[in-house]
Amino acid sequence: MSENKIHHAPEGLPAVQMQGVHKWYGEFHVLKNINLDVARGERIVICGPSGSGKSTMIRCINRLEEHQKGHIVVDGTELTNDVKNIEIIRREVGMVFQHFNLFPHLTVLENCTLAPIWVRKMPRAEAEEIAMHYLEKVRIPDQANKYPGQLSGGQQQRVAIARSLCMSPRIMLFDEPTSALDPEMIKEVLDTMIELAETGMTMLVVTHEMGFAKTVADRVVFMDGGEIIEVNEPHEFFNNPQHERSQLFLSQILQH
Amino acid sequence: MSEGKTDYIPGQYPDLPPPITEVGVVGWLRQNLFSNWWNTGLTFLGLYLVYLIFVPLIQWAIIDADWVGDSREACTSGGACWVFIRVRLDQFLYGFYPVGEQWRVNMTGLLLAATIAWLTVPKIPGKRYAGLFALVIFPVIAYLLLSGGSFGLEPVETTLWGGLMLTLILALVGIVAAFPLGILLALGRRSKMPIVRALSVAFIELWRGVPLITVLFMSSVMLPLFLPEGVNFDKLLRALIGIVLFQSAYIAEVVRSGLQAIPKGQYEAADALGLSYWKKMGLIILPQALKLVIPGIVNTFNELFKDTTLVMIIGLLDLLAIIKAALEDPNWLGYSIEGYTFAGLVFWLFCFGMSRYSMAIERKLHTGHKR
């Protein structure tokens, strides 16, 4: 099948390469000269004040946003206007959203099997087996036949993670996955993400959960005003931030 | 319990049933009809109005009515003269379709009823094939049966078609063809491709800006002027094309309102999973959007069904036109109330059926408390 002929980058190459990436919304310059290489299996946490371009940056990686200048290479495929390339990349990159974005007219199981069946052309029985495997991983196999509207926020977000994993992505993007959740549900989602990190998945996570960054991240990327201000090891970043703006940001969020 | 201290033990109040006056028939009556003096007064006034209208109506339509006979001499009791409808019923149903061939219309009608039952009754299996049958095979069979000319069937010109049969053909073809066309136009109007979008907008605004009656006039009077000599296609077909194009513009706008109500996150989630445009629309966006606009779509279908009566002005004899024609018959002058009541009742039955069915679908598709 043609789907299986995707040539993956040699193991040495980075999973994501961003070189001199710029993006504008009309006149507004949202991303300024972004340079970032993410190694295979690396866990990156991206933080920064709101409006700093964190979400926009990771949404450029699967082309939910278009960049106007620079190069983005994902898993050996360069993102251009070529729809074929975009489709190849989207099959390999999973994404989890702030507001879950589950499909409300489909059951949990159907949410998980839809893309494998229609995009990967997988037989239904196999897709369901894989879906149940991941629903067990995120600890909600018993909700498989419910509709998203019947689940709590935390459960919905775990379904969203399982839905992405069913496509066996090589890279996972998380766009503020816990920001819309009640405090008591944040932990169950973070636990799921930590377990995923332990499997060696390449992850880019935009989050305000600094505890998660400390325990899971290989590197922390700090952004402000559309620029990457600092990239550092988490221990260094939290104890000895190099840049004035990172220091200010950390002092503001760690005070309470 | 000592003062200033609340020694509340959780769970000490069990769930009790509500007071008897708040639930059931008594509760409903109290709450909705007799909640205060003003409402009580309105309730009795309403009952009096119902009495004023319905007692004479039932008296006229049922108790005093004449049902049997074959001419106006049978109508002597002063009530409704349903004999008129009875005698003319064949014409009201089939128009001028030859009497010996009317079994073909009946067969088509039965097949239609069976197909609709197959499509709509949940217990009958094979829904996937039902759709295919209804959209592809049934129209072919219906066309061959009704117009004849093959399989040894005598050809029947469309100029002879009329009555309820014609009304149903106009409405069904209109609905079945205008719906998909309307969806495509709605998608086109929201497309990122400038030419597709411009064409869709132009098409929709053109047809929405013209009254249906003008469209029908154009199709029957003006179109032939532009066609080359000798090319002349069926008047019914021309009217059908006019109705389909006209209604598709309305459907398009109803569907577009549904598309706009779908949150951006749904599009993004579908994109992020790698679904192509048509799969995204067909599997994620349209199922949700169409569910949202069921009331609007059914509204448009209802309107379409009733607007088919306008074909009267280009000389097609639909149900209403043929009843009107029958009223001119010198033998039956003066029974227009019966005629129009019958027409109204038939239209009401079909439209009411459509709305009940749409309500059932809405209930069935309800999947949770929030989006």
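Residues numbered from 1 in each chain as written. Chains lettered and ligands numbered in written order. Predicted model: local features only at pLDDT ≥ 70, side-chain atom pairs only at ≥ 80, totals over all residues. Heavy atoms only, no water.

**Side note on the domain arrangement of chain B**
All names here are of chain B. On domain assignment, one finds that chain B holds domain 1 (83–97 + 156–362) and domain 2 (98–155). Its C-alpha centre places domain 1 at a distance of 20 Å from the equivalent point of domain 2. Counting residues at the interface gives 13 residues for domain 1, matched by 15 residues for domain 2. Summing the contributions of domain 1 and of domain 2, the shared interface buries around 1100 Å²; its carbon and sulfur component is 67%. (Domains from an automatic or database assignment. Contact = heavy atoms within 4.5 Å. Buried area = accessible area lost by both parts, 1.4 Å probe.)

**Remarks on empty space enclosed by the protein**
By the definition in use, this model includes 1 cavity of 30 Å³ or more. Roughly 30 Å³ of volume is contained in the largest cavity. Every residue lining the largest cavity is listed: Arg90, Arg91, Val93, Gly94, Ser164, Met167 and Pro169 of chain A together with Ala272 and Leu273 of chain B. Listed by contribution, the elements that provide at least two residues to the lining of the largest cavity are helix H2 (83–92) and strand E6 (93–96) of chain A. (1 Å grid on protein atoms, 1.4 Å probe; cavity = no way out; pocket = protein on both sides within 12 Å on 5 of 7 lines; lining within 4 Å. Points joined across faces, edges and corners; volume = space filled by probe spheres on them. Helix = DSSP H or I, 4+ residues; strand = E, 2+ residues; numbered from the N terminus.)

**Observations concerning the interface of chain B and chain A**
Across the boundary between the two partners, chain B contributes 21 residues, which contact 24 residues of chain A. Where chain B abuts chain A, roughly 2100 Å² becomes buried across the two surfaces, and 64% of that area is made up of carbon and sulfur atoms. The three residues of chain B that bury the most area against chain A are Ala272, Leu273 and Thr367 of chain B, which together make up 29% of that side's buried surface. Our enumeration of links across chain B and chain A arrives at 2 salt bridges. Taking the shortest distance from any N to any O, the salt bridge between Arg59 of chain A and Glu268 of chain B comes out at 2.6 Å. The interface formed by chain B and chain A holds 6 residue pairs in polar contact (both at pLDDT 80 or more) in total. Of all the secondary structure elements, the ones that give two or more residues to the side of chain B that touches chain A are helix H10 (264–272) and helix H11 (277–292) of chain B. (Salt bridge = Lys/Arg side-chain N within 4 Å of Asp/Glu carboxyl O. Polar contact = N/O pair within 3.5 Å; in protein donor to acceptor, adjacent residues only side chain to side chain.)

**Remarks on the nonpolar core**
The biggest cluster of nonpolar side chains holds 112 residues, and the ones touching the most others in it are Ile46 and Leu204 of chain A together with Phe92, Trp161, Leu259 and Ile284 of chain B. When near neighbours in sequence (up to four residues on either side) are disregarded, Ile284 of chain B contacts Phe103, His105, Leu106 and Leu114 of chain A together with Gln266, Ala270, Leu275 and Lys279 of chain B. (Core = buried A, V, L, I, M, F, W, Y, C linked by side-chain atoms within 4.5 Å. Buried < 20%, exposed > 50% of the residue type's maximum accessible area, 1.4 Å probe, protein only.)

**Quick notes on the pattern of salt bridges**
Counting across every chain of the model gives 23 salt bridges over all chains. Across the pair Arg245 of chain A and Asp224 of chain A runs a salt bridge, and its minimum N-O distance is 3.5 Å. Of this pair, Arg245 of chain A sits in helix H9 (residues 244–254) while Asp224 of chain A sits in strand E9 (residues 219–224), and the two are 21 residues apart along the sequence. For the salt bridge of Arg208 of chain B with Glu253 of chain B, the shortest nitrogen-to-oxygen distance reads 3.7 Å. In this pair, Arg208 of chain B sits in helix H7 (residues 194–208) while Glu253 of chain B sits in helix H9 (residues 235–261), placing the two residues 45 residues apart along the sequence. Overall, the relative accessible area of 32% leaves Arg208 of chain B in the partly exposed class. The network of salt bridges with shared partners includes Lys23, Arg59 and Glu65 of chain A together with Lys264 and Glu268 of chain B.

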